[in-house]
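Chain by chain, the residues run as shown.
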Amino acid sequence: MAPTPDATQNPALAAQAEILARGGETRRMADAVRALAIDAVEAAKSGHPGMPMGMADVATTLFTKVLKYDAADPRWPDRDRFVLSAGHGSMLLYALLHLTGHAGMGIEELRRFRQLHSPAAGHPEFGEHPGIETTTGPLGQGIATAVGMALAERMLAARFGASLVDHRTWVIASDGDLQEGVSHEAASLAGHYGLSKLCVLWDDNHISIDGDTALSFSEDVLKRFQAYGWAVRRIDGHDPVAIEGAMAWAMRNRKPTLIACRTIIGFGAPTKAGTAGSHGSPLGAAEAAAAKDLLGWTAPAFTVPEDLKATWEAAGRRSAGTRRSWLKRLTKHPQGADFDRAMAGRLPESWHEALVALRAKHAEEKPKIATRVASQKALEALVPSVPEMVGGSADLTGSNNTNVKGVPAIAPGNFSGRFVHWGVREHGMAAAMNGMALHGGIIPYSGTFLVFSDYMRPSIRLAALMRQRVIHVLTHDSIGLGEDGPTHQPVEHVASFRAMPNVCVFRPADAMETAECWELAVKRADGPSLLALSRQNLPALRSDTGENRCARGGYVLAEASAARRATLIATGSEVHIALAARDALEAEGIPTALVSLPCWEIFGAQDASYREQVLGSVLRVGVEAAVGMGWERWLGPDGIFVGMGGFGASAPAEDLYRHFGITADAIVAAVKKRLA
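In what follows, the accompanying structure is described. Bear in mind the structure is a predicted one, so any value in this text is a computation, not a measurement.

Once that is clear, we can look at unusual backbone geometry. The phi torsion at His206 lies on the positive side, around 65 degrees, for a residue other than glycine. Within the secondary structure, His206 sits in the loop between strand E3 (198–204) and strand E4 (207–208). Taking the relative accessible area as the measure of exposure, His206 reaches 29% and is therefore partly exposed. The phi dihedral of Asn401 falls on the positive side, at around 60 degrees, and the residue is not glycine. Tracing the chain through its elements places Asn401 in the loop between helix H17 (397–400) and strand E10 (419–421).

Moving on, we get to the pattern of salt bridges. This model, assessed by the stated rule, comprises 39 salt bridges. For the salt bridge of Glu244 with Lys65, the shortest nitrogen-to-oxygen distance reads 3.5 Å. You can see Glu244 sitting in helix H10 (residues 240–252) and its partner Lys65 sitting in helix H3 (residues 50–66), a full 179 residues away along the chain. In this structure Glu244 comes out as partly exposed when scored by relative accessible area, which is 34%. With a relative accessible area of 42%, Lys65 lands in the partly exposed category. Arg582 is the partner of Asp583 in a salt bridge, and the nearest nitrogen-oxygen pair spans 3.1 Å.

Ordered in space as E16-E18-E17-E19-E20, the five strands form an open sheet in which the pairing is mixed. Where the open sheet ends on each side, the last strands, each with one partner, are strand E16 (555–558) and strand E20 (640–644). When strand polarity is set aside, the average angle formed by the axes of neighbouring strands in this sheet is 25 degrees. Bridge count between strand E17 (residues 566–570) and strand E18 (residues 592–596): five bridges; the pairing is parallel. Bridged to Thr567 within E18 is Ala593. The sheet strands contacting helix H22 (residues 575–587) are E16, E17, E18 and strand E19 (619–627), and the helix crosses E18 at an angle near 170 degrees.

This next bit is on the sheet that holds strand E6 (residues 231–236). Read across the sheet, five strands follow the order E1-E2-E3-E7-E6 without closing on themselves; strand pairing throughout is parallel. The sheet is open, and its two edges are formed by strand E1 (81–84) and E6, each paired on a single side. Strand after strand, the sheet turns through a mean of 20 degrees between neighbouring axes, direction not considered. For E6 and strand E7 (residues 257–262), the ladder comprises six bridges, and the chain directions are parallel. The residue of E7 that forms the bridge with Ala231 is Thr257. Packed onto the sheet, H10 meets strand E2 (169–174), E3, E6 and E7 and runs at close to 170 degrees relative to E6.

Thresholds applied
Residues numbered from 1 in each chain as written. Predicted model: local features only at pLDDT ≥ 70, side-chain atom pairs only at ≥ 80, totals over all residues. Heavy atoms only, no water. Helix = DSSP H or I, 4+ residues; strand = E, 2+ residues; numbered from the N terminus. Buried < 20%, exposed > 50% of the residue type's maximum accessible area, 1.4 Å probe, protein only. Salt bridge = Lys/Arg side-chain N within 4 Å of Asp/Glu carboxyl O. Pairing = 2+ DSSP bridges. Axes fitted to C-alpha atoms, helices over the stretch in contact; angles between N-to-C directions. Contact = heavy atoms within 4.5 Å.

Spelled out as C-alpha cells, the structure:
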C-alpha cells in the first residue's frame, strides 16, 4: 500500500506539490533522471537517491542547454568540465551519461549500479568511464579539484590561445562539500585568482545525514563566498527558467560564481522528500512506486520512453558542430602538435638532456648541498625543457626551493606564468594540483614541508586512486631540520605514504640521486610522486654519470671487500652516516656492503633475484631518521633497525642525531654486538 503524504509534519511536501503542478517538458526530462536513480538504487539495495532526485532539474538544464560537450567524444580537449563534487549522488551522473548517449553507460550498466566491475560504481571513479572527469566522494575534494581544472584552463589558454582553449568548469556541490575545510581553501584561491569560468551549483537542500543542516551549519554561505570574491545568486532549483537564467548570468560574470539552488532532496517521493530518509538508502518498494505515480512516470523500471530518450540524445549531440570546428582549428594551429603532445601527457623530445648535463656537473663538482637545493638545480634543468611543468609552494617557496629563476608566477588576470603562489593552503593546493593533472596539458609540482603532508593526505590518496602525474616536493624531511622541533619533524610520514598504493616515495641521498629521482618522477605517468628532501647539507656520494641507478629503486653503493657479513641499508640523509659506519666496519675486518634505497616502491617491483643480490643473505641493518614501520620487509626477522622510536626534539640537527642514536658509531656497535 502506498504511503500517505503528511504535509503538516513535512513542510517540503507542500512545496513539492506546487512544483509538481507546474509540469513541462523540462520537468519530464528531469523525471527520467529521477526514475533511473530510483530504479538503480532499488536494484542495488544501497545508494543515495535523494540528491539525484533533488538536483535533476538543475542537471537537466545544464546538460541540455548549457554544457559544452559531445557524447560521441567525451574526452574532447575543449569540452566543458563537469564535476559531481557530491559524489554520493553518483546516479545523477550515470543517468546523465546514459540519457545523452554516451557509449559504455547503457541500461545494463545502470542495472549493475554499485556491483563489481560496473562503471557505475558507488561513487564516480575516474577511469571507469571517459565521461567521469574525476573521482569524487570524499566531500570537498570535487570542488577543490575543479578549481585546479579552471586554473589549468586559464593557464593553457594563455599558452595556446582561446582558439584552442576556451571552456568552462561546472560543479554540483552539496551542503557537506561547502562545510569541508578544503572547499574553503579552494574557494578562497579561486576568488583571489578570479577564475571567472568556474561555476558551482550548490544543492542547497538543507539536509545532511543527521537531519536538518541547522544542527551544525548556520553561516550565510553566499556572504562567505562574496567575501572570497565570488559572484553569488540564489534561485529555485526546480524552476527551469530561473536555472537557465542563472547559468547565463554566470557565463557573463568576471568572477567565479556560486548559484545556491534551493531544492527538495528526494523530490517526488511522497513521504521522504525533504528528509534525511531519502539521502543514503533506497526509498523502498512502496515509496519508490508512489514517487513514480506522483511524478506521472508510467514506464517500466530501467526504461525511458523513446521520444524522451531521443530528445536527451539530441542534447548529447548539441556541441558536435562546435567540436568539429575546433578540430579544424587544431589542424591549422601553429602550436597544434605541441598542444596534442601536452594534452596526451607525452614529454618533449630530448627533455632529459639538461638533466644529463646536470648529473655530469654533479659528478665533477661533488657538491655538498641539501637535497632541497639539489632539487632546485634539477628543476632549473627540467622546467625550461618541459613547458608543461607548473610549479608552486604553499607559502614556503624559499624553503622548498620550487622556484626557477626567470619563470614568472601567475597573478589575478595574468595566467601566462608557470608558478602558483598557493598560500598557506596545503590541502587546497594538493586537490587543485589533481585538477590540473586531470584537465591535461600540465604536470603540476609544488612544495611544502613533509610534516604538513598530513594536511594533503586525502588529495594525495585520490591522486593515487586516479593514477595522476602529480609531484609533491616535501622538504625538511626528518629530525635533520633541527631547532624547529617535533611539531615540524616528520617521523611517521614516509612510512605512511609508503603504505599508500600507487604512490612513489623518493628519498634521495645526495645531489646525484636527487637529479635521478626527479627524472623518474617526471617520467612516471601512473601515479603521484613524493620527493622527501633534506634541509641540511649532505655530502656527494657518487661521481658516476652512466645509468640512472635510482631507476631500480635501490642499488649497492659500496660493496663489501670480501664475502659480506653485514649489509647496511639506508635512505636519504642517513646514507652518508651508514657509509661512515660501513667504512669503520671494514676497517675492523668486518666485510660490509652499503645499499642506498631511495624508492622502496620501485625496488619492490624488481625481480626477486635482483633484490636478493642487492640486499644479500647476511645480517641486514636499516638506517633511517624515521620510525621503523615497514622496514621489516627488507630487514627480515633477524634484522636491526637504527632510527626513531618516537617524536623528535628541538635542538641542532647534529645534537639530535647523537641524542637519538642515529650515528656511525651506534650502527657499528649494533652490528658488532649482533655478530659477536
